[in-house]
Amino acid sequence: MVSVRIGTAFVPVTDIEESARWYGDMFGFRIMSVDGWSAVLSPQADHGARLTLLGPASGIPVSAGLPWATCNLVVDDLAKARLLLESHGCEVGEITGAPDVCLFFTTRDPDGNTVLVCDR
């Protein structure tokens, strides 16, 4: 058996720079690189995983507005994250789940992609 880790999650977007700023403002991602095709973001607590925002020029044949989350974003304070998103005009779902397993809510990024926000 070989050792494996998740390297990046991919999210299709229409405006790379705007989306990179949104993920930075809402979740504290650092922008590692931006070009005409994509933006690579890193969480503040860098655990090696990245979030890559793919613009139309990337050539990936998928449109923004995914009705399902490509990954989950784990935050330290679920209620605080929900309030922050709500204060910026984002529609957010109710916090749900099972306290002994995982609590979560969903929201959408500027392109309508589903974002799953979890407590673990």
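Shown above is the structure to which this text applies.
Analysis parameters
Residues numbered from 1 in each chain as written. Predicted model: local features only at pLDDT ≥ 70, side-chain atom pairs only at ≥ 80, totals over all residues. Heavy atoms only, no water. Helix = DSSP H or I, 4+ residues; strand = E, 2+ residues; numbered from the N terminus. Buried < 20%, exposed > 50% of the residue type's maximum accessible area, 1.4 Å probe, protein only. Contact = heavy atoms within 4.5 Å. Polar contact = N/O pair within 3.5 Å; in protein donor to acceptor, adjacent residues only side chain to side chain.

Asker: It is not clear to me how the environment of Ile-95 should be interpreted in this structure. Could you clarify?
Answerer: Following the sequence through the fold, Ile-95 ends up in the loop between helix H2 (78-87) and strand E6 (96-98). Look at Ile-95 and you get partly exposed, because its relative accessible area is 36%. Those residues within four positions of Ile-95 in sequence are excluded, and the remaining contacts are Leu-78, Ala-79, Arg-82, Leu-103, Phe-104 and Phe-105.

Asker: Before we go on, may I ask you to explain the side chain of Thr-107 in this structure?
Answerer: In this structure, Thr-107 sits in strand E7 (residues 102-108). Exposure remark for Thr-107: the relative accessible area of 3% places this residue in the buried category. In terms of polar contacts, Thr-107 uses its side chain to reach the backbone carbonyl oxygen of Glu-91, at 2.7 Å. Residue contacts for Thr-107: discarding those within four places in its chain leaves Leu-85, Cys-90, Glu-91, Val-92, Asn-113, Thr-114 and Val-115.

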